[in-house]
Amino acid sequence: MRSSSPLPRMSRRGRVTIGVLVGVFVLFTLLGWGVQAWTDWLWFDEVRYTGVFTGVLTTRLVLFLAVGLGMAAIVGGNLWLAQRLRPRLRPHSPEQVTLERYRMLLSPRLGLWISLLAVVVGLFAGLSAQSRWNQWLLFRNGGDFGVKDPEFGIDVGFYVFQLPFLRYLLGVGFTAVVLSVIGALAVHYIFGGVRLQGVGDRMTNAARAHLSTLVAVFVLLKALAYVLDRRAMLLEYGDGPVYGAGYADVNALLPAKEILAYISIVVAIAIIVFSNAWMRNLVWPGISLALLGVSAVAIGGIYPWAVQTFEVKPSAKEKEAPFIERSITATRAAFGLTAATTTPYAASNLTPPASLATDTSVVPNIRLLDPQLVSETYTQRQQVRQFYDFGEKLDVDRYGVNGKVQDYVVGLREVNYRQLTPQQNTWINRHTVYTHGYGLVAAPGNRVVCGGQPFFVSGFLGDPQEQQKEQGQQQTSEQCAAQTEQIAAKQPRVYYGERMDSSDYAIVGQSDPERKAEFDRPVGEGGESYTYTGEGGVEIGSFPRRLLYAIKEQESNFLLSDAVNDDSKLLYVRNPRDRVEKVAPFLTLDGDPYPAVVDGRIQWIIDGYTTAATYPYAERVNLQEQTADELTGRGTFQLARENVNYIRNSVKATVDAYDGTVRLYEFDETDPVLKAWNKAFGGDLVVPKSEIPAELAEHFRYPADLFKVQRNLLTRFHVTDPGAFYSETDFWQVPNVPDAPDTGQKQPPYYLYTQFPGQDSARFQLTSAVTPNGRENLAALISGSYVDGQPRLEVLDLPDQTRVSGPVQVHQSMTNNANIRQQLNLLQSQQAQVQYGNLLSLPFGDGMLYIEPVYVKTAAQNAPPLLQRVLMSYGDGGSYVVLANNVADGIKQLVEQGKQATAPGTPPPAGGTPPPAGGTPPGGTAPPLTGELAEAATRVQTAITEVRAAQTSGDFERYGRALKALDEALTAFQQAQRAASTPAPGASAPAASPSPGASAPASPAPGGSATPTPGG
């Protein structure tokens, strides 16, 4: 029988065509990589961080070559060995006849085929390895934490620095052995070492020895995997209720893995002995592998399941208690919760104290400006040109002006390239004319003027009064802006800002000093021009540089336009967060950078976190999920979906808004992870904490994303007793947005310059309220601040059965009060919309003071929201409520309500309770109510009691029913009062009726329902 002919060879023209195509692809790929690498080097050279560029690049190349060559050598070596061990004589069979055509194809160039396959495998292995550069650098430079794990007594540094890379290397070993087994088996089969048909042995001695040795190596690697798995058990969820190994894991699975490791070693030895030295067949090696599989199921699966089911579950609370305690201790240490101080706060005073009117630490610093709402006002009042923008959310910082420190709402007037008109949006205009913004605009957070506008104190483009005239603002006797700059920036120009993305590069610099091409700021009907003089930017005056960036940006104007001259510089990577991320790729950056004037220059301040995901027994959280709230994506950056169980605010980074200078300041001097990274990049990557300028340190603030993570964890891990933690009886939750709770978005924390109970003086702190799990009354206030340069996390813990309402309840109580609802209805119409600002919860006078600014935005085009009223409440959130024109008036009204409530014989204020049946009206004595009037008053009292109970329970459906019942009771009382309002001649008038606003909730607005709705 004639054998089949080998596969036809490709023609010479076909081979040449494929060669050319491959060459062109490789050329353009290498050109792209070369251009990217060269421009990256120039950028890192500009910011003085070339050590990061070379360090990362070198590490990537070394890992690529080491792992790639190692994988290629192992796989290729086994393929070569398999073909060297092929039998010289093969028995004749149909199977061998079929395989002969493949042998004829492969044999002439077998070495080439093996080499190509090894190169491909090595290439993919190398590409995978180079992405592990961060694990390798930590593995090589990591030290000790000084903390040992509670099970094995091993330093935490092993888990954070060594274990991740060891597990990766183990994975590489498994991959190499599996690929070698598959490849060797294929070669042995093709060349007759392994047969499926014919008489005699189906495998030659050489093939059996080769393949059995590879299987034995695989089993030995499995033994090593069991050893590492014992350590890794502390890093994952087990059968217990918390993170880390539980009772069944430690007492059943842990010893099971040790036994399986020994069994794996015995099985590996048995495979080699039975296959080669003794019986020389595969029966007993197969039995050994089967026994290993059975052991893994029985010892590693069934036995731990039985312990968990029959021993742990019947008494889980007691069995798991030690391991819950381990998780609590580790989580609090890994997330910086150990230093959090908890102070009981009774909040027992429900009546506004007289000291509210004379307070100098809390009331004067109440912030009314909401950074999210007033950004539109800043844009409209300080924009001047349509291409300027302040972003969707402003920032809050504090400054000392005229000897007084207070918080200011600040924003940078940046260029928004998306707002350029089609005529303005040419390449010349976009990249050489509109290159920068101008000025940091600030306004004190506690002051509004001129119909509800912020009182601007800085960032003026010219004379403040002339600027107001240009904007068309009415001149009144009230001063609408400061007469001079109170927060002066010597260099107000903004070349680096949040509104800039990767495509918004700028070309600056001129050879002719008289030629100024950049638009600087509007003056009158035109504008001033400017030429950049800073040190930032990459020089592109030479032809090679222009050609380089023409290729990078795919823009021929770099070569053709006369706007690019010998002194030109290119500014790119202009977003401050992107800039720091490029300089320090090992940091996780906070989503809310903020600007500050430091030594006359505008500096962006970005908080940098070092993180890890392998801290034993610590709870693992997803940063994206834990930091998401109402503001995510609206003025704050969304964090990546990174799972971590260790985090430190180890770095404070700054970016100069004018020249782009990046500096990394060490903030946590004890963080081992930052020490490892600093060592990895030469030891001088970060500036020591002792060298942080004092004026810069004054603007450091507790980072928002870290606070959110810590706050969310504190809702559970404030409980340190294992039994109480297991029962979850005292867990908290973060409330939803007060004016829109149905959206499910969490209430963002807010910055305040204020003084809380137990604090020596006012601080700039980040604050958040939390409520009991499943309820809406207030459970605690959590705040983060800096004291003497050190972070301070504090918890004001309210009693379990407190009557004090939480944010959602307070908002609903205030906006559904009858009198207040009527006033809010007057503010809102088809032509105007009511918007609510931050609801602030302020502990004061052993009670709670609530502040919520009320903005009104008209339907006019580009009309900004203006602050028109202030909602204020004290106590339980419903008894004492006012809607005032300003804070001062609101405080007076609250204090007056408190005085009336404590005066003998005086009825409660609007928003309080009606006099009880048989009560005494103000100013005299009245006979007890009788008949239908008394019954109606009793019904009102009962309805109000139910409303208060519904508020405390947090059951909105019950609350709505209670409001409806109260409305019906008030109507019945008024009808009974009118029926008794015509007394006999000489008879006394009946007792006073309840006020129309006699309750925390409201009667329905005209034509509306009494059931509370989000946002009023």
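Conventions used here
Residues numbered from 1 in each chain as written. Predicted model: local features only at pLDDT ≥ 70, side-chain atom pairs only at ≥ 80, totals over all residues. Heavy atoms only, no water. Pairing = 2+ DSSP bridges. Helix = DSSP H or I, 4+ residues; strand = E, 2+ residues; numbered from the N terminus. Axes fitted to C-alpha atoms, helices over the stretch in contact; angles between N-to-C directions. Contact = heavy atoms within 4.5 Å. Buried < 20%, exposed > 50% of the residue type's maximum accessible area, 1.4 Å probe, protein only. Phe/Tyr/Trp six-rings, centres within 6.5 Å; stacked < 30°, edge-to-face > 60°. Lys NZ or Arg CZ within 6 Å of the ring centre and 35° of its normal. Salt bridge = Lys/Arg side-chain N within 4 Å of Asp/Glu carboxyl O. Polar contact = N/O pair within 3.5 Å; in protein donor to acceptor, adjacent residues only side chain to side chain. Lys, Arg positive; Asp, Glu negative; His and termini not counted. Parallel < 35°, antiparallel > 145°, perpendicular 65-115°, else oblique. Nonpolar A, V, L, I, M, F, W, Y, C, P; charged D, E, K, R; others polar. Left-handed = near helix turned anticlockwise from the far one by under 90°. Patch = residues over 30% accessible without salt bridge, like charges linked within 9 Å, V, L, I, M, F, W, Y side chains within 5 Å. Areas by Shrake-Rupley, 256 points an atom, 1.4 Å probe, with all protein chains shown as cover.

Enquirer: Please set out the sheet that holds strand 3 (residues 395-401) residue by residue, giving values where relevant.
Expert: Across the sheet, three strands lie side by side as 3-4-7; this open sheet has antiparallel pairing. Looking at strand neighbours, the two that pair on one side only are strand 3 and strand 7 (440-444), the edges of this open sheet. For this sheet, the mean angle separating the axes of adjacent strands, direction not counted, is 45°. Pairing between strand 3 and strand 4 (residues 404-412): seven bridges, direction antiparallel. Paired with Gly 400 across the strands is Val 405, a residue of strand 4. The sheet contacts of helix 12 (residues 374-382) involve strand 4 and strand 7, and relative to strand 7 the element is tilted by about 120°.

Enquirer: Run through the environment of Gly 391, naming residues and quoting values.
Expert: Considering the arrangement of structural elements, one finds Gly 391 in the loop between strand 2 (388-389) and strand 3. Judged by its relative accessible area of 14%, Gly 391 falls in the buried class. Sequence separation between Gly 391 and Tyr 378 is 13 residues, and the spatial gap between their C-alpha atoms is 9.5 Å. Leave out the neighbours within four places in its chain, and Gly 391 touches Ser 375 and Arg 499.

Enquirer: Residue-level account of the sheet that holds strand 15 (residues 569-571), with values.
Expert: In a beta sheet, neighbouring strands pair by backbone hydrogen bonds and run either parallel or antiparallel. In space, the three strands of this open sheet follow the order 11-15-14, with antiparallel pairing throughout. Each edge of the open sheet is held by one strand with a lone partner, namely strand 11 (506-508) and strand 14 (538-539). Where strand 11 and strand 15 come together, three bridges link them in antiparallel fashion. Residue pairing for strand 15: Ala 506 is matched across the bridge by Leu 571.

Enquirer: Let's hear about the packing of aromatic side chains: which residues, and what values?
Expert: The final tally for this structure, using the stated rule, is 40 aromatic pairs. Ring geometry for Tyr 751 versus Phe 764: centroids 5.4 Å apart, planes at 5°, classification stacked. With a gap of 13 residues between them, Tyr 751 in strand 24 (residues 750-754) and Phe 764 in strand 25 (residues 763-772) connect regions that are remote in the sequence. We note that Tyr 751, like Phe 764, is buried. Through a chain of ring-to-ring contacts, three or more aromatic side chains come together here, namely Phe 667, Phe 700, Tyr 702, Phe 707 and Tyr 786. When the ring centre of Tyr 226 is taken as origin, the NZ or CZ atom of Lys 222, which lies over that ring, is 5.1 Å away. Positioned above the aromatic ring of Phe 152, the side-chain terminus of Arg 231 is 4.5 Å from the ring centre.

Enquirer: Break down the pattern of salt bridges for me, with residues and values.
Expert: Evaluated as defined, the whole model comprises 29 salt bridges. Residues Arg 398 and Asp 397 are paired through a salt bridge, measuring 3.5 Å at the closest nitrogen-oxygen approach. Looking at Arg 398, the relative accessible area reads 14%, which means it is buried. We note a salt bridge from Arg 418 to Asp 504, for which the minimum N-O separation is 3.0 Å. With Arg 418 in the loop between strand 5 (414-415) and helix 13 (427-433) and Asp 504 in the loop between strand 10 (493-494) and strand 11, this pair connects stretches of sequence that are 86 residues apart. With relative accessibility at 44%, the residue Arg 418 sits in the partly exposed group. Asp 504 gets classed as buried once you look at its relative accessible area, which sits at 1%. Each of Lys 393, Asp 395, Asp 592 and Arg 701 takes part in a single network of salt bridges with overlapping partners.

Enquirer: A description of the pairing of strand 30 (residues 847-858) should follow, citing residues and the corresponding values.
Expert: Of all 12 residues that make up strand 30, 10 are buried, and the element is covered over most of its length. Where strand 28 (residues 832-836) and strand 30 come together, five bridges link them in antiparallel fashion. The residue bridging Val 834 from the neighbouring strand is Val 856, located in strand 30. Joining the antiparallel neighbours strand 29 (residues 840-844) and strand 30 is a turn of two residues, in which Gly 845 adopts a positive phi near 60°. In the sheet, strand 30 pairs with strand 31 (residues 866-874) via eight bridges, with the strands oriented antiparallel. Bridge pairing in strand 31 places Val 856 opposite Leu 866.

Enquirer: Talk me through the side chain of Thr 435; I want residue IDs and the actual numbers.
Expert: Mapped onto the elements, Thr 435 comes out in the loop between helix 13 and strand 6 (437-438). What makes Thr 435 buried here is its relative accessible area of 0%. Within polar-contact distance, the side chain of Thr 435 engages the side chain of Glu 518 at 2.6 Å. In this structure, Thr 435 is in contact with Tyr 417, Val 494, Tyr 495, Ala 506, Ile 507, Val 508, Glu 518 and Arg 574, ignoring residues within four places of it in sequence.

Enquirer: Report on the side chain of Asp 370, specifying residues and quantitative values.
Expert: Within the secondary structure layout, Asp 370 lies in the loop between strand 1 (341-344) and helix 12. Among buried Asp, Glu, Lys and Arg side chains, Asp 370 stands out as unpaired, with Arg 367 the closest opposite charge at 5.8 Å.

Enquirer: Now, about helix 23 (residues 807-815): what can you tell me, with residues and values included?
Expert: Of all nine residues in helix 23, nine are buried, a share of seventy percent or more. Taken residue by residue, helix 23 has Pro 807, Val 808, Gln 809, Val 810, His 811, Gln 812, Ser 813, Met 814 and Thr 815 as its buried positions.

Enquirer: So what about the packing of helix 2 (residues 50-84) against helix 5 (residues 133-141)? Which residues, and what values?
Expert: Where helix 2 meets helix 5, the closest approach of the two axes is 9 Å, and the angle between their N-to-C directions is 100°. The angle between the axes of helix 2 and helix 5 places the two elements in the roughly perpendicular class. Contacts from Val 56, Thr 59, Arg 60 and Leu 63 in helix 2 reach Trp 133, Trp 136 and Leu 137 in helix 5. Here the residues of the contact of helix 2 with helix 5 are counted per class, giving five nonpolar, one polar and one charged.

Enquirer: Kindly report on unusual backbone geometry, identifying the contributing residues and their values.
Expert: For Asn 402, which is not a glycine, the phi torsion comes out positive at approximately 55°. Take Asn 402: it is sitting in the loop between strand 3 and strand 4. Although it is not a glycine, Tyr 617 adopts a positive phi angle of roughly 75°. Here Tyr 617 falls in the buried class, since its relative accessible area comes to 1%.

Enquirer: Which residues make up the packing of helix 11 (residues 321-334) against helix 21 (residues 704-717), and what values do they have?
Expert: Contact pair helix 11 / helix 21: the axes reach a minimum separation of 11 Å and the direction vectors enclose 155°. With respect to each other, helix 11 and helix 21 are oriented roughly antiparallel. In the crossing of helix 11 with helix 21, the sense of the turn from one axis to the other is left-handed. Of the residues in helix 21, those touching helix 11 at Ser 327, Ile 328, Thr 331 and Arg 332 are Leu 713, Leu 714 and Phe 717. Tallied by class, the residues present in the contact of helix 11 with helix 21 amount to four nonpolar, two polar and one charged.

Enquirer: Let's hear about a nonpolar patch on the surface: which residues, and what values?
Expert: On the surface, Val 16, Val 20, Val 24, Leu 27, Phe 28, Leu 31, Phe 543, Leu 547, Ile 551, Leu 559 and Leu 560 cluster together to form a nonpolar patch covering roughly 1000 Å² of accessible area. Those elements that provide at least two residues to the nonpolar patch are helix 1 (12-47), helix 15 (543-553) and helix 16 (557-560). Counting residues per element, the nonpolar patch draws most heavily on helix 1, which supplies six residues. Overall, the relative accessible area of 54% leaves Phe 543 in the exposed class.

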